[in-house]
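One-letter residues, chain by chain:
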Amino acid sequence: MSDAMIRLEHVSKHFPGAEAPAVGDLGFEVPRGSIVTLVGPSGCGKTTTLKMINRIIEPTSGTIWVDGVEATATEPYELRRSIGYVIQQIGLFPHRTISQNIGTVPELLGWEDRRIEERINELIDLVGLDRELLARYPSELSGGQQQRVGVARALAADPPVLLMDEPFGAVDPIVRSRLQEELLILQDKVQKTIVFVTHDIDEAIRLGDQICILNVGGVLEQIGPPEEVLSAPVNAFVDDFIGGERGLKRLGLLPVGGADLEKGPMVGQTASCDEARVAMERYDTSWVGVLDGERLVGWVSEQDLEGRTSLAGLEVRPIERSVAPSDSLRSALDLVVRSHERVAIVIDDGRYLGTLDLESIAREITE
Ligand SMILES: Nc1ncnc2c1ncn2[C@@H]1O[C@H](COP(=O)(O)OP(=O)(O)OP(=O)(O)O)[C@@H](O)[C@H]1O
Ligand SMILES: [Mg+2]
């Protein structure tokens, strides 16, 4: 048996009086400790699916397993103890302080006051908020801060499973991007099993270990790692949903560290000008990098060499921008198109690793 923390089998939901089912014959798995993003157009059944997992909504048919037990055979209150839920539109209680909001579930579970307080402090730190905010009310926080509180509240009783319904929907793109990054860092620490709903395909790609693309009526069109869905959409719906800039999106998923780097035109600090010219010729550039051991100290242009025989004593030009192995190929490409030399220099903690250009970046996504 696979190590699925959540498994849906032939799950459907037909709301009374509705013509068509909101979710029809849906099946997928969420491996333990991973993030599956559920993405699809408005009304396609994403929220309904989440609510069936924690039994706020009962499925019309089918089976849902959470941590090896059938959800429908577990008391809802038991079930929700192991499932944190971040509801759509944040949903903080307006008349409870931030502290009380975060402590909601531990309070319901009857924890001692001291333990609740410790947990609240721990969580507010974990989501990167100032403890000063604890005494405030939700309306006294920014949108981004409220979203973080929503996440802290869902994590309060340390449930192994988190259901997040468009948790970052109501903030501007910059805050949203920061919250996404923080969630990934947080997930590295807490290793929850997360179902994350969004209708933003870029968010789904960035956060999901797998993305699950739903169509209207809760119909599963494709599930798989983002790279797979982007490189091989199974049908026109998925293709259309992924939208434009597919190449850029794929580059955004691939780290510079995994790419084949060029050695680049590099010489030592005391190289002769002839050696420098040979290096330039070999890479067809009008510049050459100057290395001191493994450290790239700068670069010189063809003109800088005029009237000299060696590089010794020549002042080098600084390397203004570079990328690290953990950066994406998309940021490397950005550097390439913004640089006069059409190249991205790769540096790992001061150590020169190589270069990337348009050609070598493109090669990484063409089979
Ligand atoms: N309680 C309900 N009674 C009847 N129909 C419902 C109920 N809740 C949801 N629906 C219907 O089920 C379908 C799926 O709704 P759901 O909220 O799951 O969509 P969603 O994918 O979360 O959409 P959005 O992206 O807008 O949040 C919709 O057509 C909706 O109108
Ligand atoms: Mg919804």
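> Let's hear about the environment of P325: which residues, and what values?
Topologically, P325 is positioned in the loop between β13 (295-301) and α13 (329-338). Spatially, the C-alpha atom of P325 lies 31 Å from that of C273, the residues being 52 residues apart in sequence. Here P325 is in contact with P255, V256, G257, V346, D348 and L353, once residues within four sequence places are set aside.

> Tell me about helix α6 (residues 143-155), and please be specific about residues and values.
For an α-helix, the turn length of 3.6 residues means that residues three or four places apart are oriented alike. For α6, with 13 residues, the first-to-last C-alpha span of 19 Å sits near the 18 Å given by 1.5 Å per residue. Taking burial as the measure, the 13 residues of α6 include 11 buried ones, the bulk of the element. Burial in α6 covers these residues: Q145, Q146, Q147, R148, V149, G150, V151, A152, R153, A154 and L155. On the buried face of α6, the contacting elements are β6 (83-86), α3 (98-102), α4 (104-108), α5 (113-126), β7 (161-165) and α7 (173-190).

> Tell me what's going on with the sheet that holds strand β12 (residues 287-292), and back it up with residues and numbers.
Spatially, the 3 strands line up as an open sheet ordered β11-β12-β13, and their pairing is mixed. Looking along the sheet, the strands with just one partner apiece sit at the ends: β11 (266-268) and β13. Each strand axis lies, on average, 35° off the axis of its neighbour in the sheet, ignoring direction. Where β11 meets β12, 3 bridges bridge the pair, whose relative direction is parallel. The partner of G268 across the bridge, within β12, is L291.

> Just give me the short version of the site of ligand 1, but keep the residues and values in it.
Inspection of the region around ligand 1 gives F15, A18, A22, S42, G43, C44, G45, K46, T47, T48, Q88 and H199 as its neighbouring residues. Considering only residue class, the shell around ligand 1 consists of 4 nonpolar, 7 polar and 1 charged.

> Explain the sheet that holds β6 to me, using residue names and the numbers behind them.
Think of a sheet as strands paired side by side through backbone hydrogen bonds, with each pair either parallel or antiparallel. Overall, mixed pairing links the 6 strands, which are arranged β6-β7-β8-β3-β9-β10 in an open sheet. Across the chains shown, the open sheet's two edge strands, defined by having one partner strand only, are β6 and β10 (219-224). Strand after strand, the sheet turns through a mean of 15° between neighbouring axes, direction not considered. Examined bridge by bridge, β7 and strand β8 (residues 193-198) share 5 bridges and lie parallel to one another. When the sheet's bridge partners are listed, D165 is paired in β8 with V197. Helix α1 (residues 46-53) rests against β3 (35-39), β7, β8 and β9 (210-215) of the sheet, and its axis sits at about 155° to β8.

> Pulling in residues and values, what's your account of the environment of N121?
Mapping N121 onto the fold places it in helix α5. The exposure class assigned to N121 is partly exposed, which follows from the 14 C-beta atoms found within 10 Å.

> So what about the domain arrangement of the protein chain? Which residues, and what values?
Interface extent is often summarised as the accessible area lost during association of the parts. Domain parsing of the protein chain yields domain 1 (4-254) and domain 2 (257-363). With centres defined by C-alpha atoms, the gap from domain 1 to domain 2 works out at 44 Å. In this complex, domain 1 contributes 5 residues to the contact, which on the side of domain 2 involves 7 residues. Taken together, the residues that form the side of domain 1 that touches domain 2 break down as 4 nonpolar, 1 polar and no charged.

> Before we move on, can you summarise the packing of helix α11 (residues 246-253) against α13 with the specific residues and values?
Between α11 and α13, whose axes approach to 6 Å, the crossing angle comes to 115°. Of the residues in α13, those in contact with L248, L251 and G252 of α11 are L329, R330 and L333. Of the residues assigned to the contact of α11 with α13, the class counts are 4 nonpolar, 1 polar and 1 charged.

> So what's going on with the nonpolar core? Residues and values would help.
Core analysis: the largest hydrophobic core is formed by 63 residues, its most contacted members being I53, I102, L123, A152, L163 and V195. Among the elements that make up this core, the one with the highest residue count is α6 (5 residues). Aside from chain neighbours lying at most four places away, what touches I102 is I120, L123, I124, V149, A152, R153 and A156. L296, V336, A344 and I361 belong to the second largest nonpolar core, which has 17 residues in total.

> Please set out α13 residue by residue, giving values where relevant.
Along α13, the residues that are buried comprise L329, A332, L333, L335 and V336. Along the axis of α13, the buried positions cluster into a sector of 160°, meaning they face one direction only. Facing away from the buried side of α13 by more than 90 degrees, the exposed set consists of V337 and R338. Contact partners of the buried residues in α13: α11, β14 (344-348), β15 (351-356) and α14 (358-363).

> Account for the pairing of β3, naming residues and giving values.
Of all the 5 residues making up β3, 5 are buried; the element is thus mostly covered by neighbouring parts of the structure. Burial along β3 is two-sided: I35, T37 and V39 and V36 and L38, pointing in opposite directions, are all buried. Pairing geometry for β3 and β8, over 5 bridges, is parallel. Its bridge partner being in β8, V39 is matched across the sheet by T198. With 4 bridges connecting them, β3 and β9 associate as parallel partners. What sits directly across from V39, in β9, is I213.

> How would you sum up the environment of I194? Please name residues and give values.
By the secondary structure assignment, I194 is in strand β8. Distance from I194 to V30, taken between C-alpha atoms, is 7.8 Å for residues 164 residues apart in sequence.

Cut-offs applied
Residues numbered from 1 in each chain as written. Chains lettered and ligands numbered in written order. Predicted model: local features only at pLDDT ≥ 70, side-chain atom pairs only at ≥ 80, totals over all residues. Helix = DSSP H or I, 4+ residues; strand = E, 2+ residues; numbered from the N terminus. Contact = placed C-beta atoms within 7 Å. Expected span 1.5 Å × (residues − 1). Buried ≥ 20, exposed ≤ 12 C-beta atoms within 10 Å, placed from the backbone. Pairing = 2+ DSSP bridges. Axes fitted to C-alpha atoms, helices over the stretch in contact; angles between N-to-C directions. Near = placed C-beta within 6 Å. Nonpolar A, V, L, I, M, F, W, Y, C, P; charged D, E, K, R; others polar. Domains from an automatic or database assignment. Core = buried A, V, L, I, M, F, W, Y, C linked by C-beta atoms within 7 Å. Arc of directions from axis to C-beta.

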